[in-house]
2 protein chains.
Amino acid sequence: MSISKCEQCIVRQFSSLKALTKDELLRMANCKTSYTIKKGEPIFEEGEVTNGVYCIKEGVCKMTKLSANGKDQIVKLVKSGEMLGQRSMISEEPANLSAIALEDMEVCFVPKAEIMQFFNQNNQFSLNIMRTICGDLKEADDQMVSMAQKSVKERLAQTLIYLEDTFGNNEDGSLRIQLSREELAGIIGTATESCIRLLSDFNKSELIAISGKKIIIKNKKELRKLSE
Amino acid sequence: MSISKCEQCIVRQFSSLKALTKDELLRMANCKTSYTIKKGEPIFEEGEVTNGVYCIKEGVCKMTKLSANGKDQIVKLVKSGEMLGQRSMISEEPANLSAIALEDMEVCFVPKAEIMQFFNQNNQFSLNIMRTICGDLKEADDQMVSMAQKSVKERLAQTLIYLEDTFGNNEDGSLRIQLSREELAGIIGTATESCIRLLSDFNKSELIAISGKKIIIKNKKELRKLSE
DNA sequence: TTTAGAATATGATTTTTATCATACTTTAAA
DNA sequence: TTTAAAGTATGATAAAAATCATATTCTAAA
């Protein structure tokens, strides 16, 4: 069984890990554990003590939090090349959010001890991690303002644009990432029926086209206007 | 004119600065600038390049963001002993939020160059800053879920409890921090009239007592139940 | 293939929240 | 002190969104 090198890994290219030296990467390759996560399965769940970080080699997952009324709010989507669990690791707290696979995934787990060693000895690495978390904080603040001040329609338009810009399209032009209506509602923070209804409206006014689960953005300009 | 020492400062006791050595504190005392900010005035505003951090020696301020519809959303309240502007400093971006004094304040400005030096040479200091930002991120995520999933009534109850727990009471039992109805609405993310109306309801059902701007929490237990 | 269960869709209705209008009260400046 | 402006309060109404009810379509397991 060969241990795949971290050096060529997509996560290495796009995340804080790009600051690691060859030596550090080798150390990481030796202590990491690779997992395959099936669509719908959790990588970790809210309240769990993770004791390390996860590198996403392949696939997309949703970060959710169960609210008091029993609905899952999707706080964030995370795609390949990114890392999970840094916040809990640094805060030394259990996970605040669950990470659930939206498609089949390949992830690597790197134990906390290893990461913290890099963190303490490699200044650029720790600065990178901090920048990532700072970026997350800015996004979270912005999203909070959206939730508080925008209508459901505006948030749906915004989310559709975000999905296209972040995850791209299939050959037929439809959004590459396919969410159930319930999940889409979970991102924008509304009832599933309201989300479905608004999608129908967008469809009727030819902002989007719907065929089954597939959604095609037909008039991005207008949709962007709607989202403001 | 005497330069007040940072050593005894409240900010030093409660913030990341507690990790600084005596020598570092002395350096900071020599490069800091002290300001008095009057109630209602900004410490800095959204989009401004701050080039340093602010230590809050005295007073409370609101962190706001102007939304597309022209309303100010209050993202967070910050009180004496805390620091402002770390996120922008680390991200090397302009401020994402405005900081406006809710009461007369005393703050000190410490230039970025100085902070980054501590940051690079003092591991515990940088870890402390990171923990602070990680804490902010967790709070922001949680608040986002509240905004998305809770009713205005629940959010008002939650906010009143938060205000008492965080800022305490005056001798007469009223909330120490006094917000206008508009500001309170800006925290919970609703229209000012809706906020006023719900306060009236809470008053009628004897959860709180209102006299002018003063609010007294009379039935915290019930209020806490309402907030869930 | 049949078929049960889940997901999607849509109508009807209720609840929540925003908006507009207006009155009252407090505050601070002339 | 008076007075204008801002803040607070409340009613009436409209708009937005949730909920409940059903129907339809899709999907995967028997």
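Look above for the structure.
What comes next is a walk through the structure. These numbers were taken from a predicted model, which means no experiment stands behind them.

Each value, and the rule that gives it
- Residues numbered from 1 in each chain as written.
- Chains lettered and ligands numbered in written order.
- Predicted model: local features only at pLDDT ≥ 70, side-chain atom pairs only at ≥ 80, totals over all residues.
- Heavy atoms only, no water.
- Near = heavy atom within 4 Å.
- Polar contact = N/O pair within 3.5 Å; in protein donor to acceptor, adjacent residues only side chain to side chain.
- Helix = DSSP H or I, 4+ residues; strand = E, 2+ residues; numbered from the N terminus.
- Contact = heavy atoms within 4.5 Å.
- Buried area = accessible area lost by both parts, 1.4 Å probe.
- Salt bridge = Lys/Arg side-chain N within 4 Å of Asp/Glu carboxyl O.
- Nonpolar A, V, L, I, M, F, W, Y, C, P; charged D, E, K, R; others polar.
- Buried < 20%, exposed > 50% of the residue type's maximum accessible area, 1.4 Å probe, protein only.
- Pairing = 2+ DSSP bridges.
- Axes fitted to C-alpha atoms, helices over the stretch in contact; angles between N-to-C directions.
- Least-squares fit on C-alpha atoms with pLDDT ≥ 70 in both.

We now examine the protein's contact with DNA strand D. Taken together, 15 residues form the shell around DNA strand D, and within it Val-152, Thr-190 and Ser-194 of chain A together with Arg-181 and Ser-200 of chain B come nearest. Here DNA strand D approaches the protein such that, of its atoms within 4 Å, sugar and phosphate make up 57%. At a separation of 3.3 Å, a phosphate oxygen of DNA strand D approaches a polar backbone atom of Ala-191 of chain A. In this structure, Arg-197 of chain A approaches DNA strand D through a side-chain N or O atom, which is 3.0 Å from a base oxygen. When contributions to the surface near DNA strand D are tallied by element, the ones reaching two or more residues are α8 (192-204) of chain A together with α8 (192-204) of chain B. Counting residues per element, the surface near DNA strand D draws most heavily on α8 of chain B, which supplies four residues.

This brings us to the interface of chain A and chain B. Taken residue by residue, the interface counts 40 residues in chain A and 40 residues in chain B. Together, the buried faces of chain A and chain B total about 3,700 Å²; carbon and sulfur atoms form 68% of this surface. Three residues stand out in chain A for area buried against chain B, namely Met-130, Met-144 and Gln-149 of chain A, and they jointly supply 18% of the buried area on that side. For the interface between chain A and chain B, the tally reads four salt bridges. In this structure, the salt-bridge partner of Glu-92 of chain A is Arg-131 of chain B, at a minimum N-O distance of 3.3 Å. Scanning the region where chain A abuts chain B turns up twelve residue pairs in polar contact (both at pLDDT 80 or more). Looking at the side of chain A that touches chain B, the element that brings in the most residues is helix α5 (residues 123-149) of chain A, giving 20 residues. Here the side of chain A that touches chain B is composed, by residue class, of 17 nonpolar, eleven polar and twelve charged.

What follows concerns the pattern of salt bridges. The full count for this structure, using the stated rule, is 34 salt bridges over all chains. Of the charged contacts, one joins Lys-65 of chain A and Asp-142 of chain B as a salt bridge, the two residues approaching to 3.2 Å between their closest N and O atoms. Taken together, the residues Lys-65 of chain A in strand β4 (residues 61-66) and Asp-142 of chain B in helix α5 (residues 123-149) connect one chain to another. With a relative accessible area of 13%, Lys-65 of chain A lands in the buried category. A relative accessible area of 24% places Asp-142 of chain B in the partly exposed class. Among the ionic pairs, Glu-206 of chain B bridges to Lys-218 of chain B, the shortest N-O distance being 3.8 Å. Of this pair, Glu-206 of chain B sits in the loop between α8 and β9 (208-211) while Lys-218 of chain B sits in the loop between β10 (214-217) and α9 (220-226), and the two are twelve residues apart along the sequence. You can call Lys-218 of chain B partly exposed: its relative accessible area is 48%.

All right, on to the sheet that holds strand β1 (residues 33-37) of chain A then. Residue and element names in this part refer to chain A. Taking strand neighbours across the sheet as the criterion, the four strands line up as β1-β8-β3-β6 in an open arrangement whose pairing is antiparallel. Each edge of the sheet is formed by a strand with only one pairing partner; in this case those strands are β1 and β6 (83-84). Pairing between β1 and strand β8 (residues 105-111): five bridges, direction antiparallel. Its bridge partner being in β8, Thr-36 is matched across the sheet by Glu-106. Relative to the sheet, helix α4 (residues 112-121) contacts β3 (52-58) and β8, its axis offset from that of β8 by approximately 70°.

Before going further, it helps to examine the relation of the copies chain A and chain B. Mapping chain A onto chain B calls for a screw motion: a turn of 180° about the axis and a shift of 0.0 Å along it, with 0.0 Å RMSD after fitting. Here the symmetry operator amounts to a two-fold rotation axis. Mapped onto chain B, 100% of the interface residues of chain A are again interface residues, and the two copies thus contact each other with one and the same surface.

Further remarks concern the protein's contact with DNA strand C. Near DNA strand C there are 15 residues, and of these Arg-181 and Ser-200 of chain A together with Val-152, Thr-190 and Ser-194 of chain B occur at the shortest range. Protein-proximal atoms of DNA strand C, defined as those within 4 Å of the protein, fall in sugar or phosphate at a share of 57%. Arg-181 of chain A has a polar side-chain atom sitting 2.9 Å from a phosphate oxygen of DNA strand C. With respect to DNA strand C, the side chain of Thr-190 of chain B contributes an N or O atom lying 2.4 Å from a phosphate oxygen. Every element with two or more residues in the surface near DNA strand C is listed here: α8 of chain A together with α8 of chain B. In terms of residue count, α8 of chain A provides more of the surface near DNA strand C than any other element does, four residues in total. Here the residues of the surface near DNA strand C sort into three nonpolar, five polar and seven charged.

The strand order across the open sheet built from four strands is β2-β7-β4-β5 (chain A), with neighbouring strands paired in antiparallel fashion. Whereas interior strands pair on both sides, the edge strands pair on one side only; in this sheet they are β2 (42-44) and β5 (72-78) of chain A. With direction set aside, neighbouring strand axes in the sheet form an average angle of 35°. Pairing of β4 of chain A with β5 of chain A, which is carried by six bridges, proceeds in the antiparallel orientation. What sits directly across from Leu-66 of chain A, in β5 of chain A, is Asp-72 of chain A. Across the sheet, α5 of chain B is in contact with β4 and β5 of chain A; its angle to β5 of chain A comes to roughly 130°.

With that settled, consider unusual backbone geometry. For Asn-51 of chain A, which is not glycine, the phi torsion reads 60° and is therefore positive. Positionally, Asn-51 of chain A belongs in the loop between β2 and β3. The residue Glu-92 of chain B is not glycine, and still its phi comes out positive at about 55°. Following the sequence through the fold, Glu-92 of chain B ends up in the loop between α3 (86-91) and β7 (98-101). By relative accessible area, Glu-92 of chain B is classed as exposed at 53%.

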